[in-house]
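Structure at a glance
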Amino acid sequence: IFPMKRIYPLLIGVLSFGVLSCEKKETPYPIPDRPASSDSMKEAMVELGADYKTQVYFSFENGVVKSLPYETWDINFTTDASDNEIRVNGGKLNLIYVTDATRMSDISSSYTINSAKWKYDKPSGLSQTSGLGVLNNSAILGKVLIVQVGADKSYKLIIKDVSPTAYTITTTKGLDDNTETEFVLEKDPNYNFIYFSFEDGIVTVEPPKKDWDIVFTRYRYIYEKYNPDGSDFLYGVTGVLHNPYNTMSAGDSLRTHDFYTFTKDSLDQHMELQTNRDVIGWNWKSVDINTAKYKVNSKMVYVVKDQKDILWKLHFYGYTNDAGQNGYPKFRYEKLK
């Protein structure tokens, strides 16, 4: 009689052989795509275009709200009654310069500019991070400002007055033009900014501030003190900024995360919601210099807290359309639980 400890392995072997001898061969089948974490997950693609010229405002509740060229405007002004600031369109690489002159005729194309004194805004978009700062009772009021638009155009601007309800400005069509045109930019609290183009005057750009959550756009990123002389290196990027109105966002630059299993606990453990507009930013993608195609890091998960205090998680999984053209970000998003 065999001891029990020797019978058990022998019995397993006999049973295994019987099962294997009767088993039918199965046809291999592809592993299905990973299922969404819930039926509430959505996918979207926005069209920036192969030249990245389009700016797209997006709502997590309603999808695309508005699309228009990002070059539509040159400068904008905040609409808050007390926090009055002017910003330049960093996507166009615009800059602003403060002169000592108070008359337009004192400034022309022969004016000597100290290139180290050009002003530009920080990409965070926070209050008091504009190149000129808050304008209330500012020494900047009444001075001739030079706004460089792109690489080859410059205009003169004087901010004459700032009040809780409006800005009064005068502009010219160029550095050698002294014909002044006055504009009164009335503040509308339903919008974040008043937008202005030196060629077209006051322009409507963004939707009402309660209608959108994030915007895909071209903006300026700053590598601070990156140049050999200690100056900033200014870099134009295409990325995502969140709405400055009652909106926050979070990301994790140290870890990667799985979008499908990411929960509120993950947010609490690894991320912190911030008011900086550029938390999502642009580095969720990288370009292959040999093929000029973009690769998206789908393991970079972001969270946006909207105006209703709803948390949304999102990640990107593509940057090209069906024709293989760049400029078509694809992303998934879902309410965070």
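Structural data are supplied above this passage.
What counts, and at which threshold
Residues numbered from 1 in each chain as written. Predicted model: local features only at pLDDT ≥ 70, side-chain atom pairs only at ≥ 80, totals over all residues. Heavy atoms only, no water. Helix = DSSP H or I, 4+ residues; strand = E, 2+ residues; numbered from the N terminus. Buried < 20%, exposed > 50% of the residue type's maximum accessible area, 1.4 Å probe, protein only. Lys, Arg positive; Asp, Glu negative; His and termini not counted. Salt bridge = Lys/Arg side-chain N within 4 Å of Asp/Glu carboxyl O. Polar contact = N/O pair within 3.5 Å; in protein donor to acceptor, adjacent residues only side chain to side chain. Contact = heavy atoms within 4.5 Å. Pairing = 2+ DSSP bridges. Axes fitted to C-alpha atoms, helices over the stretch in contact; angles between N-to-C directions. 1 Å grid on protein atoms, 1.4 Å probe; cavity = no way out; pocket = protein on both sides within 12 Å on 5 of 7 lines; lining within 4 Å. Points joined across faces, edges and corners; volume = space filled by probe spheres on them. Nonpolar A, V, L, I, M, F, W, Y, C, P; charged D, E, K, R; others polar. Core = buried A, V, L, I, M, F, W, Y, C linked by side-chain atoms within 4.5 Å. Patch = residues over 30% accessible without salt bridge, like charges linked within 9 Å, V, L, I, M, F, W, Y side chains within 5 Å. Areas by Shrake-Rupley, 256 points an atom, 1.4 Å probe, with all protein chains shown as cover.

Moving on: the side chain of D306. Turning to its location among the elements, D306 is positioned in the loop between strand 18 (302-305) and strand 19 (311-320). It turns out D306 is buried and unbridged, and the closest side chain with the opposite charge, K308, is 6.5 Å from it. Of the polar contacts made by the side chain of D306, one reaches the backbone nitrogen of K308; its length is 2.8 Å. Leave out the neighbours within four places in its chain, and D306 touches D213, N246 and W312.

This paragraph deals with the sheet that holds strand 10 (residues 181-186). A sheet is described by the order of its strands in space; here five strands give the open sequence 6-7-8-9-10, paired in antiparallel fashion. Edge positions in the open sheet fall to strand 6 (95-98) and strand 10, since each of these has one partner strand only. Between one strand and the next, the sheet's axes are offset by a mean angle of 30°, whatever the strand orientation. Relative to strand 10, strand 9 (residues 166-171) runs antiparallel, the two sharing six bridges. Its bridge partner being in strand 10, T171 is matched across the sheet by T181.

A few words now on the sheet that holds strand 20 (residues 326-335). An order of 1-20-19-18-15 is seen for the five strands of this open sheet, with the pairing classed as antiparallel. With one partner strand each, in any of the chains shown, strand 1 (42-45) and strand 15 (248-250) form the two edges of the open sheet. Along the sheet, successive strands turn relative to each other by an average axial angle of 25°, direction set aside. For strand 15 and strand 18, the ladder comprises three bridges, and the chain directions are antiparallel. Note that in strand 18 the partner of M248 across the bridge is K305.

This next bit is on the layout of surface pockets. Counted as a void, the largest pocket has a volume near 490 Å³. Lining the largest pocket are 23 residues, with Y221, N276, D278, V279 and N283 sitting closest to its centre. A total of three residues in the lining of the largest pocket trace back to one element, the largest contributor, which is strand 13 (residues 214-223). Of the residues that constitute the lining of the largest pocket, the class distribution is ten nonpolar, nine polar and four charged. Looking at the second largest pocket, its volume works out to about 370 Å³. As for the second largest pocket, its lining consists of 18 residues, of which T78, D80, D83, N192 and P244 are closest to the centre. Split into classes, the residues belonging to the lining of the second largest pocket amount to five nonpolar, seven polar and six charged.

Counting 22 residues, the largest nonpolar core has F58, F216, I280, W284, L314, F316 and F331 as the members making the most contacts within it. Those elements that provide at least two residues to this core are strand 2 (54-59), strand 13, strand 18, strand 19 and strand 20. When residues in this core are grouped by element, the largest group, four residues, is from strand 19. Residues I86, V147, V162 and I194 belong to the second largest nonpolar core, which totals 21 residues.

The next subject is a nonpolar patch on the surface. Residues Y226, F233 and Y235 make up a contiguous nonpolar surface patch of about 320 Å² in total accessible area. For F233, the position within the fold is in strand 14 (residues 233-242). According to the relative accessible area criterion, F233 is partly exposed, its value standing at 32%.

Okay, the pattern of salt bridges next. A pair can form between side chains of opposite charge whenever their charged atoms are brought close. The tally for this structure, following the rule as stated, stands at eleven salt bridges. In this structure, K299 engages D258 in a salt bridge whose closest nitrogen and oxygen atoms are separated by 3.3 Å. Here K299 is found in the loop between strand 17 (293-296) and strand 18, whereas its partner D258 is found in the loop between strand 15 and helix 2 (264-270), with 41 residues between them in sequence. Here D309 ties to K305 by a salt bridge, and the two come within 3.8 Å at their closest N and O atoms. Since its relative accessible area comes to 25%, K305 is described here as partly exposed.

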